[in-house]
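Structural characterization, general
Spelled out from the first residue to the last, the chains are:
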Amino acid sequence: MRSLSNFKFDSPHLLLFLCALSTAFIIAFFIGFIFYTAFPILEKEGFGFITGTTWSYSAHEYGIWLFIVGTLVMTAVTMVLAGPLSIFTAIFLAEFAPVWLTRVMRPMIELLVGIPSVIYGIFGLFVLENIFQHHIDPFLDATLGFIPIFRDTTPNSGTGILLASTVLAVMVLPTITVLSEEAIRAVPDEYKAASFALGATKCETIKKIVIPTASSGILTAVVLGMMRAMGETMAVVMLIGNTAKVPSSILDTGYAMTSKILNDIGYYVAMDEPKSSLFGIAAVLFLLEILFVGIIRIVRVRGGGGK
Amino acid sequence: MRDMRWRKAEEKLLIAVSAMMAGITSLLLLAIIGKIAFEAFPSLTLYFLTTPEVDTPGLGQGIANAIVGTVYLSLLSVLLAIPLAIGTAIYLKKYAKDTIITRSFRFMIDVLSGTPSIVLGIFGLLFLVYYMKVVTGGFSLIAGAIALAILILPVIERASEEAIDAVPGEVEEASYALGATKWDTIRRITIPYSLSGIITGVILGIGRAAEESAVVILTAGYTQFLPSYEILPREGMLFGMKIYPFQDLVATLPISVYHTFEHSHIVPIANGFAAAFVLIIIVMLVNMLAKIVIWRGKIG
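Residues numbered from 1 in each chain as written. Chains lettered and ligands numbered in written order. Predicted model: local features only at pLDDT ≥ 70, side-chain atom pairs only at ≥ 80, totals over all residues.

Turning our eyes to something else, we now look at the overall build of chain B. When its secondary structure is counted, chain B shows 12 helices and two strands. In sequence order, chain B lays out its α and β elements as α-α-α-α-α-α-α-α-α-α-β-β-α-α. The principal-axis extents of the C-alpha atoms in chain B amount to approximately 70 × 65 × 35 Å. Put simply, chain B has 300 residues, and 47% of those count as buried. (Helix = DSSP H or I, 4+ residues; strand = E, 2+ residues; numbered from the N terminus. Buried ≥ 20, exposed ≤ 12 C-beta atoms within 10 Å, placed from the backbone.)

Right under this line is the structure:
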């Protein structure tokens, strides 16, 4: 009997193997389904699907360049806003804050992770939109308006790239802060002690020892934040303005890839070509995301190998 | 060697900047939660919380249907995800060898965990709601739960893998030394030891499912009614019957919140914020539960 129960494929082994196999099957089916449905339009439009600037169901022309630009500009502005804020907060929490303050702030920041995105959406729309239209947009236009990207092209509304990015920045802030803080805390104390022993100040130690050592962790945090910003749907659809054009300034409106899918899929899910083209956007989003996951993997391996 | 005064000043500057950023971060937090609570307060009545929308005049005057629906949907999706996620985690940690296949499998799980929810949403809409209509009944609790189960599968799987990693190797080796088989060791040592970590993952999964909106709106739909519990004959469905509430539409809080945007002239904004506030409280309670489990696991 013993030899039987030690047999390579006993029944629990088989059962667990089946669990893993079904998981693999589900993921493969999901990814395959997206690309399979998107395939006809990718085949028809070719590279023009990415570079085309016309999206028209009646003219059967599908190019998503404007949506890609919308998503990229929005993500970039988000990272400019959220990056410094969250990394400095992480440095403060890990290196300077007294223990009691960290104990108060950490749960608060973690709580922010738990706020559903749709709530950020209505918060941005009903609370921030007004403030942006009447105060922030005119102010930016008046002070920095000589630089084209700060010009207020839509004085009658507060929605636009900047509003969407501000809300997204608040959304990704906790992710980046918590993960960066963990990375900074993981730097061995001996490294810091050695730096202090050489006479370096705390600031110099942080700049030259702590940040470089934690850089792979911080970079992972930033990339994860970017992924979250790019993939966000509900908040963005309410805030970005949904006009298909290349935004001329960060106060201008735009259209993100996720918003295009959400706005149109309900009407076109039963029609082959439009359906395929909307899945095409999803496929491009998916590819971008796979790219980011790949980057994180490489960064992690590098960071791990460097230690 | 730079001037000492400059070095001191640089240090002060860094402290000031990072403290300021931390201050802004906390202020943002307080402002958001405070503003939502403030806006929500006038609408948070017992009537609003305990009446399904169908029994109220107009739109968005009651959210009992959405509260019940959110609880059902998140629990059902977690129930679907648990066996696959935990089974996969144990298999990967204890049985699988490190080959190119398992490595690409892990990569796929990573990809799944970062999938934009809209991508999963349209998958659910086309495959679960449209193609599988005979089985799921179109927009329904079960279609939503399956889509959400795929969404939270990596959350639970990762947490379980981490929990299994944290089991001390000596304890497992001691079990083998006593002559226990691999499965006996897993069942009696590994799983009990990692249980609090696994439960934490499951609870986080519940929270993730409760807050999701893009997937839910494309798979579960919305209804003004409370779930009903019956089996009615229905032509065109599998076995010619429709099983309530599983194959029926279900309401959820994120969608109630979304309605404030969609029907912004009809639904009072305060009611949207009230639904949002209730949703935040639910997600907060779920996350707190996870913290308590971690904390007890550390002590026990």
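Still more to cover.
Here we come to unusual backbone geometry. Residues and elements named next belong to chain A. Despite not being glycine, His60 shows a phi value in the positive range, around 55 degrees. Summarising the element assignment, His60 is placed in the loop between strand 1 (55–56) and strand 2 (61–62). Residue class for His60 comes out exposed when judged on the 12 C-beta atoms lying within 10 Å of it. A positive phi angle, near 55 degrees, is found at Asn242, a position not held by glycine. With respect to the element layout, Asn242 can be found in the loop between helix 10 (234–239) and helix 11 (257–268).

Tracing the backbone shows Glu204 of chain A in helix 9 (residues 202–231). Once the C-alpha coordinates of Glu204 of chain A and Ile298 of chain A are considered, the two residues, 94 residues apart in sequence, prove to be 28 Å apart.

Take the confidence of the model for chain A next. Taken over all residues, the pLDDT of chain A has a mean of 86, while the share at 70 or more is 95%. Low pLDDT, under 50, characterises residues 1–7 of chain A; the stretch is placed with three contacts to residues that sit more than four places away or in other chains. (pLDDT = per-residue confidence, 0-100. Contact = placed C-beta atoms within 7 Å.)

On to helix 2 (residues 11–45) of chain A. Residues and elements named next belong to chain A. Spanning 35 residues, helix 2 covers 50 Å between terminal C-alpha atoms, matching the ideal 51 Å at 1.5 Å per step. Phe39 marks the point of greatest bend in helix 2, at about 45 degrees, and the proline Pro40 comes within the next four residues. Residues of helix 2 that are buried: Pro12, Leu16, Cys19, Ala20, Thr23, Phe30, Ile34, Thr37, Ala38, Ile41 and Glu45. Downstream of helix 2 by a residue or two, Gly46 has a phi angle that is positive, lying close to 60 degrees. (Expected span 1.5 Å × (residues − 1). Bend = angle between axes of the 7 residues up to and from the residue.)

By size, the foremost hydrophobic cluster in this structure holds 176 residues, and its most contacted members are Ile119, Val167 and Ala282 of chain A together with Ile122, Ile152, Ala276 and Leu279 of chain B. Ranked by residues supplied to this core, first place goes to helix 7 (residues 141–165) of chain B with 17 residues. Three or more residues apiece are contributed to this core by two domains, here domain 1 (1–43) and domain 2 (45–299) of chain B. The contact partners of Leu279 of chain B, leaving out residues within four places of it in the chain, are Pro116 and Ile119 of chain A together with Leu253, Pro254 and Val257 of chain B. (Core = buried A, V, L, I, M, F, W, Y, C linked by C-beta atoms within 7 Å. Domains from an automatic or database assignment.)

The buried count for helix 11 (residues 253–262) of chain B comes to eight of 10 residues, which makes it a mostly enclosed element. By the burial criterion, the buried members of helix 11 of chain B are Leu253, Pro254, Ile255, Ser256, Val257, Tyr258, His259 and Thr260 of chain B.

This brings us to the environment of Leu21 of chain A. Along the chain, the position of Leu21 of chain A falls in helix 2. Taking the C-alpha atoms as reference points, Leu21 of chain A and Ser157 of chain A, separated by 136 residues in sequence, lie 51 Å from one another.

In this complex, chain A contributes 71 residues to the contact, which on the side of chain B involves 65 residues. Among the elements that line the side of chain A that touches chain B, the one with the most residues is helix 2 of chain A, at 15 residues. Split into classes, the residues belonging to the side of chain A that touches chain B amount to 52 nonpolar, 15 polar and four charged. (Nonpolar A, V, L, I, M, F, W, Y, C, P; charged D, E, K, R; others polar.)

All names here are of chain B. What the domain assignment reports for chain B is domain 1 (1–43) and domain 2 (45–299). Taken over C-alpha atoms, the centre of domain 1 sits 35 Å from the centre of domain 2. Contacts between the two partners involve six residues from domain 1, matched on the other side by nine residues from domain 2. Per-class residue counts for the side of domain 1 that touches domain 2 are four nonpolar, one polar and one charged.

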